[in-house]
Amino acid sequence: MTSTAEPALESLRAHLSGTVLTAGDPGYDAARSVWNGEIDRRPAVVVRPAGAADVAAALAYAREAALDVSVRGGGHNFGGAAVVAGGLCLDLSSLDAISVDPAARTARCGGGVTWARLDAATQEHALAVPGGTVSHTGVGGLTLGGGFGWLTGKHGLSCDNLLSAEVVTADGEVLRASADEHPDLFWALRGGGGNFGVVTEFEFRLHPVGPLVHLGLFFWGLEDGAAALRQAREVLGTLPAEMGVLVAGLNAPPAPFVPAEHHFRPGYALLIAGFAGEEQHAGAVRTARSGPAPLFEFVSPIPYVELQRMLDDAAPWGILGYEKAVYADGFSDEVIEVIADFLPRKASPMSIMPIFALRGAFTEVDDAATAFGGPRRPGLVVNLAALAAEPAPFAVDRAWVREFWTALAPFAANPGGYVNFMAEYEEDRVRTSYGPEKYARLARIKARYDPRNVFHHNANIPPAK
Ligand code: FAD
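Residues numbered from 1 in each chain as written. Predicted model: local features only at pLDDT ≥ 70, side-chain atom pairs only at ≥ 80, totals over all residues. Heavy atoms only, no water.

Novice: Can you explain the overall build of the protein? Please cite residues and give values.
Specialist: For the protein, the helix and strand inventory stands at 14 helices and 19 strands. In terms of overall size, the protein behaves like a compact globule, its C-alpha atoms giving a radius of gyration of 22 Å where 465 residues would be expected to give roughly 23 Å. Seen along its three principal axes, the alpha-carbon backbone of the protein occupies a region of about 70 × 50 × 40 Å. In the protein, which comprises 465 residues, the proportion classed as buried is 57%. For the protein, the proportion of contacts with a sequence separation of at least 24, taken over those separated by at least 6, is 73%. (Helix = DSSP H or I, 4+ residues; strand = E, 2+ residues; numbered from the N terminus. Rg over C-alpha atoms; globule rule 2.2 N^0.38 Å. Buried < 20%, exposed > 50% of the residue type's maximum accessible area, 1.4 Å probe, protein only. Contact = heavy atoms within 4.5 Å.)

Novice: How would you explain the sheet that holds strand E9 (residues 174-178) if you had to name every residue and give the values?
Specialist: Strand order in the open sheet made by the 5 strands is E5-E6-E10-E8-E9, with antiparallel pairing throughout. Either end of the sheet is taken by a strand with one partner, and the two such strands are strand E5 (98-101) and E9. Along the sheet, successive strands turn relative to each other by an average axial angle of 15°, direction set aside. Relative to strand E10 (residues 198-205), strand E6 (residues 106-110) is paired through 5 bridges, and the arrangement is antiparallel. Across the sheet, the residue bridging to Gly110 is Glu201, located in E10. Contacting E5, E6 and E10, helix H4 (residues 115-123) runs over the sheet at an angle of about 30° to E5. (Pairing = 2+ DSSP bridges. Axes fitted to C-alpha atoms, helices over the stretch in contact; angles between N-to-C directions.)

Novice: Tell me what's going on with the sheet that holds strand E4 (residues 88-91), and back it up with residues and numbers.
Specialist: A sheet is described by the order of its strands in space; here 4 strands give the open sequence E1-E2-E4-E3, paired in mixed fashion. Strands with a single pairing partner mark the edges of an open sheet, and in this sheet they are strand E1 (19-21) and strand E3 (69-72). For this sheet, the mean angle separating the axes of adjacent strands, direction not counted, is 20°. Of the strand pairs in this sheet, E3 and E4 are connected by 4 bridges, and their pairing is parallel.

So far we have only geometry, and geometry alone does not tell us how the molecule works.
What follows is the structure in structure tokens.
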């Protein structure tokens, strides 16, 4: 059967240097798959562009054919924002070029690159862009929404280290956004998500990191929950702000550094990453050990790229996933009580509660300098993630996340939460996340660069009227 869209599709194919895939084409199923195994959407067309001109042509085609548009970076948004049923998916995995200028300490990468690839390229020069904590996530979505990771305390968010971006707007215009060119767009891209256009290239500032860094991992059982969290509070209060800190509620992995009797045991991990000398790290390790005795610990220098992929298997591609998050000002007694009450109730051994510490360089960036919504003061992002291979425990833990979140919300610094940790985009939460002033400014910028709200499969900010 020939659809009316086919002649136009043939013309699109002819105009593109990249690839066009429809159902039945080899590669179509891989291109429409995303990290969350719960998402199974069938776009009418997938376009893998070869560059900005292809993106513009695809957007023009979508407009003519009245197709909804989604943009796929690394495909890690929990809600599957990267794929749209019956629409056009711009799969940026084809935009994977990376170039590093070690002398200028800058790196450029395509809009579909993953952190694993960017880290590998920058670490050849012992340099890094502050990224996330799981290396198979995309640079695109993570940076545009903010980007927390091991280097947040030392060098700020991923978006704080963005120098410029090549952007294709909804009307197919190719712009460069930086402090000097389209500064309003540049401001919006640093935290405002995928609302403003398709970023075909990111340019980042690089920092000397590694190649070896210092890891300290301490694990306590559930029975020590409240004491372990109080110890984490103590450590956070004394550790130099440039050290990376992650507190996680999780089951111990069957890793070589975990004694066999503790494999899969639920509990709490405190992870510290030192980027300075051994002495500083030894001091931090002493502080971490000063409280209740952990069940096991792992203290060792490791390559920075290993640190970056240490949690990869905790959240593997294809798992069923659901998440919610809150910002908290710290481990108050109330927050500790809620966590110690709820964590033991998870059903799936894979469900995880990573808590990111916001300190140091993150807090030194002026709140008005970027669109990023979270409060720029010391605090925590408490992420609650239901992860399971099977639907039954997944359903139980999805409900667990919602109840857990509801119990934490009264103690939240910003109940809207982080836009990159939203499996469902509730408009009021997106609005709350940015606050009224930033939200209104973002809506005005949206009206300028995407007045028809073409890019709405995201933490959407509708254009101001
Ligand atoms: P996608 O699903 O491809 O995209 C997400 C959104 O961004 C979509 O709306 C998409 O349209 C838009 N987008 C992506 N690329 C572009 C582009 N080039 N141009 C325009 N729009 C684009 N976040 C953290 O801050 N720190 C972490 O440590 C962290 N760890 C995570 C670990 C896992 C396992 C997962 C699943 C998520 C994690 N996140 C983390 C959240 C992560 O930041 C978001 O899921 C983010 O959306 C991932 O980006 P992506 O490009 O992979 O996703």
